[in-house]
Amino acid sequence: MQINLPEKRYYSIGEVAKAFGVNTSLIRFWEKEFEVLKPKKNAKGNRKFTPEDIKNLKFIYHLVKERGFTLEGAKTHLKEEKKQALNTFEIVSKLESIKSQLLKLKENL
């Protein structure tokens, strides 16, 4: 899954939801369910997601939406094998990005 977000320190919940193609309510729900998601909140209570939060959201999205994990299964997977699974996920994400860039180059030839 390719997420198109500009390089910023903080992202609003609307930007995050739009990038993932989900409702803001799902992002808030996942925030309650997964303790790795800890967006900062400003004085008004608006959530501000960091790039680290986005990385965790990508992984949660991958587990739940793409691989079909239940929420409990995803939580367990995150707790038990977080470091190894996250490293593998990052490698796969980078390879998919490189593949898409190569395909774009091929089209332009």
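Residues numbered from 1 in each chain as written. Predicted model: local features only at pLDDT ≥ 70, side-chain atom pairs only at ≥ 80, totals over all residues. Heavy atoms only, no water.

The chain is annotated in an unreviewed UniProt entry as Transcriptional regulator from Neotamlana sedimentorum.

A. View of the environment of A17. Checked against the element boundaries, A17 lands in helix α1 (residues 13-20). Here the alpha-carbon distance between A17 and R28, two residues 11 residues apart in the chain, equals 9.8 Å. In this view, A17 contacts V22, N23, T24 and I27; residues no more than four positions away in its chain are not counted. (Helix = DSSP H or I, 4+ residues; strand = E, 2+ residues; numbered from the N terminus. Contact = heavy atoms within 4.5 Å.)

B. Molecular detail of the UniProt feature "domain: HTH merR-type" (unreviewed entry) in the chain. Per the UniProt record, the feature "domain: HTH merR-type" (unreviewed entry) sits at residues 10-80. Helix makes up 62% of residues 10-80 and strand makes up 10%, while its end C-alpha atoms are separated by 28 Å. (UniProt positions renumbered as here; feature names shortened; annotations may be inferred.)

C. Quick peek at the sheet that holds strand β3 (residues 47-49). Reading across the sheet, the 3 strands line up as β1-β3-β2 and stay open at both edges, with antiparallel pairing between neighbours. Here the strands that pair on one side only, and so sit at the sheet edges, are β1 (11-12) and β2 (40-41). The pairing of β1 with β3 spans 2 bridges and is classified as antiparallel. Its bridge partner being in β3, Y11 is matched across the sheet by F49. Against the sheet, helix α3 (residues 51-66) touches β1 and β3, its axis set at about 80° to β3. (Pairing = 2+ DSSP bridges. Axes fitted to C-alpha atoms, helices over the stretch in contact; angles between N-to-C directions.)

D. Up close: the side chain of E31. For E31, the location among the structural elements is in helix α2 (residues 24-33). There is a polar contact of 2.4 Å between the side chain of E31 and the side chain of R47. Non-local contacts of E31, meaning those with residues more than four positions away in its chain, are made with L37, P39, K41 and R47. (Polar contact = N/O pair within 3.5 Å; in protein donor to acceptor, adjacent residues only side chain to side chain.)

E. How the structure looks around α2. Burial in α2 covers these residues: I27, W30 and E31. Buried residues of α2, viewed axially, fall in a sector of 105°; they line one side. (Buried < 20%, exposed > 50% of the residue type's maximum accessible area, 1.4 Å probe, protein only. Arc of directions from axis to C-beta.)

F. The arrangement of the packing of aromatic side chains in detail. The full count for this structure, using the stated rule, is 2 aromatic pairs. Their ring planes at 50° and their centres at 5.7 Å tell us that F20 and Y61 sit as a pair that is tilted. Residue F20 is found in helix α1, and its partner Y61 is found in helix α3; the two are separated by 41 residues along the sequence. Pair check on accessibility: F20 and Y61 agree, each one buried. An aromatic cluster of three or more residues is present, and its members are F20, W30 and Y61. (Phe/Tyr/Trp six-rings, centres within 6.5 Å; stacked < 30°, edge-to-face > 60°.)

G. Representation of the pattern of salt bridges in the model. Taken as a whole and judged by the stated rule, the model has 5 salt bridges. Linking E31 and R47 is a salt bridge whose minimum nitrogen-to-oxygen distance equals 2.4 Å. Taken together, the positions of E31 in helix α2 and R47 in strand β3 put the pair 16 residues apart, joining distant regions of the chain. In this structure, E31 and R47 share a single accessibility class: buried. A salt bridge links E72 to K75; the nearest nitrogen and oxygen atoms lie 3.3 Å apart. (Salt bridge = Lys/Arg side-chain N within 4 Å of Asp/Glu carboxyl O.)

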